[in-house]
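Per-entry structural report
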Amino acid sequence: MNTTPDTPGGGWTLRARVREALRERILRGEWQTHERLPSENQLIDEQGVSRITVRQALADLVADGLIVRVHGKGSFVAPAPVRQELSRLQGLSEALGGQGREVLTRVLSLGQASLPARAAKALGLPPGTPCVELQTLRFSDGQPLSLNSTWIEPTLGASLDKDTLAQTDLLTVYESTLNLRVTRAVVDIGAALANARQRRLLAVEAPAAVLVVERTVFSTGERPVHFEASTYRPDAFSYRLELAR
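Fair warning: this is a prediction, and the values are worked out from it, not measured in the lab.

**Re the sheet that holds strand 9 (residues 223–232)**
- Reading across the sheet, the 6 strands line up as 4-5-6-9-8-7 and stay open at both edges, with antiparallel pairing between neighbours. Bordering the open sheet on either side are strand 4 (103–114) and strand 7 (182–193), each of which pairs with just one other strand. Ignoring strand direction, the axes of neighbouring strands in this sheet form an average angle of 15 degrees.
- With 7 bridges connecting them, strand 6 (residues 143–152) and strand 9 associate as antiparallel partners. Among the inter-strand pairings, Asn 148 is bridged to a residue of strand 9, identified as Ser 230.

And the structure:
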């Protein structure tokens, strides 16, 4: 069996030729989202290259976010990454609904808690102050997208319920149910390695880098109403910000 990379007599390596041929077929819609690509053996016969070349080409497409590989099942066309604009303050369902993307929310927990130090600082309250903690797991196109922890000012959180939060963005609940006007948010974006719980719920393997987004939301009178910390799969989500000079 050949275990060395193939090299053609020409411009591209065989790895690049196979990769770009598959990329073109994916981008022109020959295979739809979640559809299975031909097997390695089929690609070997079709492309006339070695197994290592096919595997390298597929690995490149995984790294580019075009396909996902499922052990024992093969390679599948990945959903297009979710992109949220930072030009205005919106909930995720509100933002992605306008793009024709469906967002599903699973409420993991909703109940009384004590503010951790980072959330307390953002809300201008002492650590340990009673609050309501909401934990959710959000999906887009059937794929885990983000794991979210939100600490809510207690007088607001007391009137929330799981059924509503599974169907509606928290910002929308504030405005439509609680008659609270949300005015702005402070957003911090960073990166980290996922812990065991995050890897399990987001369906990623170790080691996995994740996008960490922290947001403090304010209402009229500069009143901070909640602090949220969200962990996103970076292969499935990105922010877009347009800047003018």
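**Considerations on the nonpolar core**
- Counting 16 residues, the largest nonpolar core has Leu 22, Ile 26, Leu 37, Leu 58 and Ile 67 as its most contacted members.
- Beyond its immediate stretch of four places on either side in the chain, Leu 22 contacts Trp 31, Leu 43, Leu 58 and Leu 61.
- Among the nonpolar cores identified, the runner-up in size contains 15 residues, and Leu 160, Leu 170, Tyr 174 and Val 182 belong to it.

**Let's talk about the layout of surface pockets**
- Computed from the structure, the largest pocket encloses a volume of approximately 730 Å³.
- Every residue lining the largest pocket is counted, 23 residues in all, and those nearest its centre are Val 68, Arg 69, Ala 203, Arg 233 and Asp 235.
- Elements that contribute at least two residues to the lining of the largest pocket include exactly strand 1 (67–70) and strand 6.
- The element best represented in the lining of the largest pocket is strand 1, accounting for 4 residues.
- Classifying every residue of the lining of the largest pocket gives 14 nonpolar, 5 polar and 4 charged.

**Looking at empty space enclosed by the protein**
- Taken as a whole and assessed by the stated rule, the structure comprises 2 cavities of 30 Å³ or more.
- Here the largest cavity defines a volume of roughly 320 Å³.
- Together, 23 residues line the largest cavity, and Arg 138, Asp 169, Leu 170, Arg 215 and Glu 228 are the ones closest to its centre.
- Of all the secondary structure elements, the ones that give two or more residues to the lining of the largest cavity are strand 5 (130–140), strand 6, helix 8 (170–176), strand 8 (209–219) and strand 9.
- A breakdown of the residues in the lining of the largest cavity according to their chemical character gives 8 nonpolar, 11 polar and 4 charged.

**Topic: helix 3 (residues 51–63)**
- Under the 1.5 Å per step criterion, the end-to-end length of helix 3 is 18 Å for 13 residues, consistent within 8% with the ideal 18 Å.
- Burial in helix 3 covers these residues: Thr 53, Val 54, Gln 56, Ala 57, Leu 58, Asp 60 and Leu 61.
- Gly 65 sits one or two residues past helix 3 and shows a positive phi near 80 degrees.

Rules behind the numbers
- Residues numbered from 1 in each chain as written.
- Predicted model: local features only at pLDDT ≥ 70, side-chain atom pairs only at ≥ 80, totals over all residues.
- Heavy atoms only, no water.
- Pairing = 2+ DSSP bridges.
- Helix = DSSP H or I, 4+ residues; strand = E, 2+ residues; numbered from the N terminus.
- Axes fitted to C-alpha atoms, helices over the stretch in contact; angles between N-to-C directions.
- Core = buried A, V, L, I, M, F, W, Y, C linked by side-chain atoms within 4.5 Å.
- Buried < 20%, exposed > 50% of the residue type's maximum accessible area, 1.4 Å probe, protein only.
- Contact = heavy atoms within 4.5 Å.
- 1 Å grid on protein atoms, 1.4 Å probe; cavity = no way out; pocket = protein on both sides within 12 Å on 5 of 7 lines; lining within 4 Å.
- Points joined across faces, edges and corners; volume = space filled by probe spheres on them.
- Nonpolar A, V, L, I, M, F, W, Y, C, P; charged D, E, K, R; others polar.
- Expected span 1.5 Å × (residues − 1).

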